[in-house]
Amino acid sequence: MSRTFYKEEQKFNQFWIWLIVFFLFGLWIWQLVQQIFMDIPFGTNPAPDIVVILTGLFPLGAILLFRFLTLETIIDNEGVQYRFKPFQRKPKVIKQEDIVRYEVKKYNPLKDYGGWGVRYGSSRNGKAYNVSGNKGVLFELKNGKRFMLGTQNPESIRSALEKLMKLSSK
């Protein structure tokens, strides 16, 4: 039976992301109302009505994407499981015996990995899964790879990893 030490679900809740997405949505609504319903061309070189309607798929898709995109992290006696829902159905697993070292640390997502999401940093930094903030766990694995997993609860994840790593000494 699996014993869970830690579970975290993170969403893209940054104000600036939602500001951009809703600005684009509002701009589309304005364009739609003006051109389709008021029959006033939008801009000096207006797009055909079907294009105006279809451009709404971008902001609507972005709203749905950021609403449902979730980084899920679970630490149990099997190891560290993580996935980006809804894109990954099954979580990826870092088994306890594959972890050489881990460090809960503060890092710079932009400088070290180029931003948030599933990111590929330099060969020195490895891959990162992060949603927001600048705290995470840097894993060094037996295969030589490095992996950063973002968290909003650094002390709780540290405690869970200590419990996981103690399992091997029993």
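These numbers come from a predicted model, not from an experiment.

Colleague: Which parts of the structure should I look at to understand the pattern of salt bridges?
Modeller: Side-chain pairs of opposite charge can arise whenever the charged atoms involved come near each other. Inspection of every chain in the model, using the stated rule, returns seven salt bridges. A salt bridge links arginine 158 to glutamate 155; the nearest nitrogen and oxygen atoms lie 3.1 Å apart. Of this pair, arginine 158 and glutamate 155 both sit in helix H5 (residues 154-166), three residues apart, roughly one helical turn. The exposure class assigned to arginine 158 is partly exposed, which follows from its relative accessible area of 28%. Judged by relative accessible area, which is 53%, glutamate 155 ranks as exposed. By sharing partners, the salt bridges in this structure join Glu9, Glu72, Arg83 and Lys85 into a single network.

Colleague: Which parts of the structure should I look at to understand the sheet that holds strand E6 (residues 117-120)?
Modeller: Hydrogen bonding along the main chain pairs the strands of a sheet, whether they run parallel or antiparallel. An order of E5-E8-E9-E7-E6 is seen for the five strands of this open sheet, with the pairing classed as mixed. In this open sheet, the two edge strands, each paired with only one partner strand, are strand E5 (99-106) and E6. Adjacent strand axes in the sheet meet at a mean angle of 15 degrees, parallel and antiparallel pairs treated alike. Note that strand E8 (residues 135-141) and strand E9 (residues 146-150) share five bridges and pair antiparallel. What sits directly across from leucine 138, in E9, is methionine 148.

Colleague: Help me understand the pairing of E9, please; the structure alone is not making it clear to me.
Modeller: Of all five residues making up E9, four are buried, and the element is well covered by its neighbours. Of the pairings in the sheet, the one linking strand E7 (residues 127-130) to E9 comprises three bridges and is parallel in character. Pairing of lysine 127 across the sheet is with phenylalanine 147, part of E9. Taken together, E8 and the strand that follows it, E9, pair antiparallel across an intervening segment of four residues, in which glycine 144 is found at a positive phi of about 90 degrees.

Analysis parameters
- Residues numbered from 1 in each chain as written.
- Predicted model: local features only at pLDDT ≥ 70, side-chain atom pairs only at ≥ 80, totals over all residues.
- Heavy atoms only, no water.
- Salt bridge = Lys/Arg side-chain N within 4 Å of Asp/Glu carboxyl O.
- Helix = DSSP H or I, 4+ residues; strand = E, 2+ residues; numbered from the N terminus.
- Buried < 20%, exposed > 50% of the residue type's maximum accessible area, 1.4 Å probe, protein only.
- Pairing = 2+ DSSP bridges.
- Axes fitted to C-alpha atoms, helices over the stretch in contact; angles between N-to-C directions.

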